[in-house]
Amino acid sequence: MSERASHGAEAPEPFDDHGPQLPVEPPADPGHPLRTYVALYPEVARAGSLQNALQAVIDRAGPGLTVELTSSPGWRYVAAKSETDSRSANVLMAKDERHFSVECWARNVHMASGGTQDLSEVAGAMRSWHEGSTVRALTTQWPFLRTWELAEAHECGEAVPARWEMMRRPAAARGGRGRDTEWQDLVQAAFEQPRLRALSPGRSLYWFTLSRRAAPPICSDLPRTRPLGNGRFEVTCADGRVQEVDGAAATAAVIVDNLPDDAVPQPVTP
């Protein structure tokens, strides 16, 4: 359980039997999915599902947030979600230990995650997230959650520069080892092209990819590139055309030449 008091955070009171009227006995059917969770999650078993239990705790802090079932039928009793505007939060119960896993998302980007044994902490974090908390404030108030560099970059509209920085950083660290050197050269050569630097870079297995946006859905109509060894690179276009090129700088130029016209704004000429 997180030490909320040390961060000055207020959280809902723990689940008890003084809220909405809920069943006082766990499901009697031995085959009921919640039977195996009774010992670890008695309040969830009494409520009949994680959705019901979470909603009861959240409602004690006031109306305005609805807990829903997830899209997975197999998780009907042990998972729940909440969605408001562009934000969502998912919660899932572990089976072999008391542990609520929480994930917070914004515009299809994973922004924070963590786990706790305390259902009231889950409810409090969900409410904070949907009330517009930044990821840094969220993880300070609810320290069972963690965030990361890219999530904060998405939040402040700097995801593309952050992705370039993250791509260039490990590429440089791997430099000097065969094809890793070619990868480093490719990333740097692409970064030096203004039209490519405006796009979001990525890596899929051995492929260097580009997208108009850093958040999903990622574009699939831009050229992708991979090192072939001995300083050669393969550029594959969305229409299936394949071109082998000598040198990272020449490869970056070929990628630029094969960008769709609407990939990024054309530079203004004096």
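Now for a look at the structure at hand. Nothing here was measured: the structure is a model prediction, and the numbers come from that model.

1. What about the overall build of the protein chain?
Within the protein chain, the secondary structure is distributed over 9 helices and 10 strands. Scored against the burial criterion, the 270 residues of the protein chain give a buried share of 43%. For the protein chain, the proportion of contacts with a sequence separation of at least 24, taken over those separated by at least 6, is 48%.

2. Section: the sheet that holds strand β4 (residues 109-116)
Pairing within the open sheet is antiparallel, and its 5 strands lie in the order β1-β2-β3-β4-β5. Every interior strand has two partners, whereas the edge strands, β1 (79-84) and β5 (145-146), have only one. Relative to strand β3 (residues 100-106), strand β2 (residues 87-93) runs antiparallel, the two sharing 7 bridges. Note on β3: the bridge partner recorded for Ser88 is Trp105. Along the sheet, helix α2 (residues 50-60) makes contact with β1, β2 and β3, crossing β1 at roughly 50°. Packing against the sheet, helix α3 (residues 119-130) makes contact with β1, β2, β3, β4 and β5, and its axis sits at approximately 165° to β2.

3. A closer look at the pairing of β3
Of the two faces of β3, the one lined by Phe100, Val102, Cys104 and Ala106 is fully buried and the one lined by Ser101, Glu103 and Trp105 carries no buried residue. Here β2 folds back onto β3, and the loop between the two strands holds 6 residues. Alignment of β3 against β4, held across 7 bridges, turns out to be antiparallel. Each residue of the ladder has a partner; that of Glu103, found in β4, is Ser113. In sequence, β3 turns back onto β4 through a hairpin of 2 residues, with Arg107 there showing a positive phi of about 50°.

4. What to know about α3
With 12 residues, α3 should reach 16 Å at 1.5 Å per residue; the first-to-last C-alpha distance of 17 Å fits that figure. Across the 12 residues of α3, 12 count as buried, placing the element largely inside the fold. Just downstream of α3 lies Gly132, where phi reads positive at about 100°.

5. What to know about the pattern of salt bridges
This structure, assessed with the given rule, holds 12 salt bridges. Between Glu43 and Arg98 there is a salt bridge, with the nearest N and O atoms lying 2.5 Å from each other. Residue Glu43 is located in helix α1 (residues 42-47), and its partner Arg98 is located in the loop between β2 and β3; the two are separated by 55 residues in the primary sequence. With its nearest N and O atoms 3.1 Å apart, the salt bridge here joins Arg226 to Glu234. Its relative accessible area of 11% is what places Glu234 among the buried residues. Taken together, the salt bridges that share partners define one network made up of Glu149, Glu165 and Arg169.

6. Topic: the nonpolar core
If you look at the biggest cluster of nonpolar residues, it comprises 37 residues, and the most contacted ones within it are Leu50, Leu54 and Phe100. Mapped by element, the contributors of at least two residues to this core are α1, α2, β2, β3, β4, α3 and α4 (135-141). Examining the composition of this core, we find that 6 residues originate from one element, α3, more than from any other. When sequence neighbours within four positions are dropped, the list of residues in contact with Leu54 reads Val67, Ala80, Val91, Leu119, Val122, Ala123 and Met126. Counting 26 residues, the second-largest nonpolar core is a separate cluster that includes Ala189, Ala214, Phe233 and Val245.

7. Section: the environment of Pro161
Structurally, the position occupied by Pro161 is in helix α6 (residues 159-173). As a C-alpha pair, Pro161 and Pro201 span 40 residues in sequence and 9.3 Å in three-dimensional space.

8. Comments concerning the packing of α2 against α3
Running from N to C, α2 and α3 cross one another at 70°; their axes reach a closest spacing of 9 Å. Relative to α3, the element α2 lies roughly perpendicular. Between α2 and α3, the residues in contact are Leu50, Ala53, Leu54, Val57 and Ile58 and Leu119, Ser120, Val122, Ala123, Met126 and Arg127, respectively. Class assignment for the residues of the contact of α2 with α3 results in 9 nonpolar, 1 polar and 1 charged.

Rules used throughout
Residues numbered from 1 in each chain as written. Predicted model: local features only at pLDDT ≥ 70, side-chain atom pairs only at ≥ 80, totals over all residues. Heavy atoms only, no water. Helix = DSSP H or I, 4+ residues; strand = E, 2+ residues; numbered from the N terminus. Buried < 20%, exposed > 50% of the residue type's maximum accessible area, 1.4 Å probe, protein only. Contact = heavy atoms within 4.5 Å. Pairing = 2+ DSSP bridges. Axes fitted to C-alpha atoms, helices over the stretch in contact; angles between N-to-C directions. Expected span 1.5 Å × (residues − 1). Salt bridge = Lys/Arg side-chain N within 4 Å of Asp/Glu carboxyl O. Core = buried A, V, L, I, M, F, W, Y, C linked by side-chain atoms within 4.5 Å. Parallel < 35°, antiparallel > 145°, perpendicular 65-115°, else oblique. Nonpolar A, V, L, I, M, F, W, Y, C, P; charged D, E, K, R; others polar.

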